[in-house]
Structure formats: C-alpha cells, structure tokens
Amino acid sequence: MEHRPTGLLGIEKVTLGYILFTTILIGIFWTGMNSPLTMLGIRGCVILLIAAIYGIYQFRPTKTTYFIRQVALLFLLPYWYPETYEFCRQFPNLDHIFAGIDLELFGCQPSMVFSEVLPGKIWSELFNAGYFAYFPMIFICVLLTLFGKRKYLGQTVSVILICFFFYYTIYIFLPVAGPYYYFPTIGHDAMVSGQYPELHDYFRTHIQLPPSASATDGFFKSLVSLTQESGERPTAAFPSSHVGMSTIVMLLTYRLRKGTFWIFLPLYILLCGATVYISAHYLIDSICGLISAPIFLTIAFKIYRRIDDGDARAEYLVGW
C-alpha cells in the first residue's frame, strides 16, 4: 500500500492547468462575456470535485476509487467544449476564409456536395452512426486499460484530455462556425456563386442551429441531431476534433488491443467522412484534424511524462 499515489494525478493537474488558463482569459474578456461569474463558479465546483474525490481516495485507496479519480474528469468534456464559444465570440468570424480555402483546393464545397453524391437514408444512417460513435469509442478505449493493461490507465486518460484541451485552446482563439452554420446564413446563391462574405460578429448573438435541409430521417440521424441541439455552438470547426481525437483514440487503441482497433476501423472511417457529410466541417478542417492528431499525441505523451511519475503504481492497489 505504500506505493499508492499520494499527490495529484496527471489528469487532475491537466484539468487544474486548463482551469487556471481559462480563468485568466475570463478576466481578460470579462466585459464581453455573458455569464463570467457562472463560469468562475463552475470552475470552483470542479476544484471542489477534485478535492472531494482526492479525499475519498485517501480515505479508501482501492482500485475503484483510483479508477474514479482517473476517469471522472473526462465527463466534464461536454461542458468544456461548448464553453469555448464564450471565448471565441470575442473575435470576428473567419468562416469566409475557410470556405474559400475549400473552394480553392477542391473546386467545390465538399460539405455540400458529399451528401448529394451519396444520398438516401442508408448512407445517411451509416455516416451518422459513425459520427455518433465518437464518445463511445473514447469510453471503450479507456475501459480497455482494465483488461490486462491497467498500468496504462492514467497515461491513456491524461493524454486524451491533454489533446482535447489542445483543440479547445485553438477553438478559443479561432472562431470558425463551420458550413452547417455559415452557408445557411449567407444563403444558397452566395454559396453556389463562391461569394463568401465576412460575418464579423454575427455569431456573437446568433447561436441557434439552422434547420436541417436534409429530407432523410433515421435513428442515428435523430441521435446526432439531439446531441447537436444540446451542445453545439457556432464554433470549433477548425481543425476537426472529431477527426483528430478519433485518430488519437485509434492510435491508443491499437497499442492497447489490436482486435478492438480493427472493430473500430469501419466506424472511424465513417466518422471521418461524416464530419463533411453532415456539414459539420469544411474538408480542410477534417484534413487538418488528421494531420494534427499524431503531433498532439506526441506532445501529450511528453507532457504526461513530466507531470505524472507512471501508472504502474496502480497495480499495487488491492481490492475494488
């Protein structure tokens, strides 16, 4: 029992670091934010949560309480993601630049054309199923560490969270809403003619999702629409964290259990395609998400080795 970790875990240090960083930003952008006091209050609650879980673990240091410490903070991701909008809305929108890049590189708007090339409910359901598999794939990747790979638990959750925060930091300073928001706003005629006007601070006050133009319906499309309605904001388009983080999860999964990697592979391909198919991202967003993934993962491993002295210590914990 003397080997049990007594200090903060890597994932706790990473979360506290992100809280400190964004708290400073709240102070800088205070007058332009809707609810800065609420945002600070939530950060206080997260700090209390970390302290409470830490205290429970010190009182009863078992594998169960250790696992809770390692994974609990991942469940805050659905909050941290839409919150990036509160920061990036302080800057002028840049969608006209990224829409122009897609047109220049591909001669069309792939986010508008892809669903037309593969129309119908079957294709729609396949791509939406892949898109919906995003968080389940992350969750399963973490669970794999419990089956003969427990020493990788802390490393896996920490590098996942570090990489998420890399993407969120970019979103804070790079306000790109994505084609799902941008093209309905400028209108079909402007989109077809390649005229992409600057929207300046339009999305500062317009956060509602535009109605879907797709005539198809289905189970997975309904699930994706439900999650978008609850947490989507006109932000976080470039680079695609769906592509980036799913690529990172695939790389981690390959190390943990190759059989699961091959099971994930069809969903991963559909997920990457879905980012453009459902107009959530410009194609350049998805390409840069793919390119950024191994870079961010490499940096995250280096950060983890500096802030946490290894997960093998968890092997010494006895009992659940």
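Residues numbered from 1 in each chain as written. Predicted model: local features only at pLDDT ≥ 70, side-chain atom pairs only at ≥ 80, totals over all residues. Heavy atoms only, no water.

- Per an unreviewed UniProt entry, the recorded name for the protein chain is Phosphatase PAP2 family protein, and the organism is Pseudoprevotella muciniphila.

Overview of the UniProt feature "transmembrane region" (unreviewed entry) in the protein chain
In step 1: Summarizing the sequence annotation, UniProt attributes the feature "transmembrane region" (unreviewed entry) to residues 14–33, 39–57, 64–81, 129–147, 159–183, 236–254, 261–278 and 284–304 in the numbering used throughout.
In step 2: Secondary structure across residues 14–33 divides into 75% helix and 0% strand, with the first and last C-alpha atoms of the span separated by 24 Å. (UniProt positions renumbered as here; feature names shortened; annotations may be inferred. Helix = DSSP H or I, 4+ residues; strand = E, 2+ residues; numbered from the N terminus.)

A few points about helix 8 (residues 134–143)
In step 1: All of the buried residues in helix 8 are Tyr134, Met137, Ile138, Cys141 and Val142. Down the axis of helix 8, the buried side of the element spans an arc of 135 degrees, and every buried residue falls inside it.
In step 2: Buried residues along helix 8 sit against helix 3 (63–71), helix 7 (121–132), helix 9 (153–173), helix 13 (241–256) and helix 14 (258–277). (Buried < 20%, exposed > 50% of the residue type's maximum accessible area, 1.4 Å probe, protein only. Arc of directions from axis to C-beta. Contact = heavy atoms within 4.5 Å.)

Some points on the packing of aromatic side chains
In step 1: One pass over the full model with this rule turns up 29 aromatic pairs.
In step 2: Centroid distance Phe219 to Phe220: 5.1 Å. Interplanar angle 75 degrees. Geometry classified as edge-to-face.
In step 3: Assessed through its relative accessible area of 28%, Phe220 is described here as partly exposed.
In step 4: Counting every residue linked through ring pairs, the aromatic cluster contains Tyr18, Phe21, Tyr79, Trp80, Tyr81, Tyr134, Phe135, Phe164, Phe165, Tyr168 and Tyr171. (Phe/Tyr/Trp six-rings, centres within 6.5 Å; stacked < 30°, edge-to-face > 60°.)

Quick notes on the packing of helix 7 against helix 14
In step 1: The contact between helix 7 and helix 14 brings their axes to 7 Å, and the two run at 105 degrees. By the angle between their axes, helix 7 is roughly perpendicular relative to helix 14. Along its contact with helix 7, which presents Trp123, Ser124, Leu126, Phe127, Gly130 and Tyr131, the element helix 14 presents Leu267, Leu270, Leu271, Gly273, Ala274, Thr275 and Tyr277.
In step 2: Per-class residue counts for the contact of helix 7 with helix 14 are nine nonpolar, four polar and no charged. (Axes fitted to C-alpha atoms, helices over the stretch in contact; angles between N-to-C directions. Parallel < 35°, antiparallel > 145°, perpendicular 65-115°, else oblique. Nonpolar A, V, L, I, M, F, W, Y, C, P; charged D, E, K, R; others polar.)

Here's the deal with a nonpolar patch on the surface
In step 1: There is a patch of nonpolar side chains on the surface, built from Leu105, Phe106, Ile287, Ile291, Ile295 and Ile299 and spanning about 510 Å² of accessible area.
In step 2: Listing elements by their share of the nonpolar patch, those giving two or more residues are helix 5 (95–106) and helix 15 (283–307).
In step 3: Sort the elements by how many residues they give to the nonpolar patch and helix 15 lands first, with four residues.
In step 4: The partly exposed category is assigned to Ile295, whose relative accessible area is 45%. (Patch = residues over 30% accessible without salt bridge, like charges linked within 9 Å, V, L, I, M, F, W, Y side chains within 5 Å. Areas by Shrake-Rupley, 256 points an atom, 1.4 Å probe, with all protein chains shown as cover. Salt bridge = Lys/Arg side-chain N within 4 Å of Asp/Glu carboxyl O.)

Notes on the packing of helix 7 against helix 12 (residues 219–231)
In step 1: Two elements in contact, helix 7 and helix 12, have axes separated by 7 Å at closest approach and are oriented at 45 degrees. By the angle between their axes, helix 7 is oblique relative to helix 12. Our pair here, helix 7 against helix 12, has a crossing hand that is left-handed. For the pair helix 7 and helix 12, the contacting residues are Ser124, Glu125, Asn128, Ala129, Tyr131 and Phe132 in the first and Phe219, Phe220, Lys221, Leu223, Val224 and Thr227 in the second.
In step 2: Of the residues contributing to the contact of helix 7 with helix 12, the split by class is seven nonpolar, three polar and two charged. (Left-handed = near helix turned anticlockwise from the far one by under 90°.)

Observations regarding the pattern of salt bridges
In step 1: According to the stated counting rule, one finds three salt bridges in the structure shown.
In step 2: When the shortest N-O distance is used, the salt bridge between Arg69 and Glu12 registers 2.7 Å. Highlighted residues: Arg69 in helix 3 and Glu12 in helix 1 (residues 10–28), separated in sequence by 57 residues.
In step 3: By relative accessible area, which is 1% here, Arg69 ends up buried.

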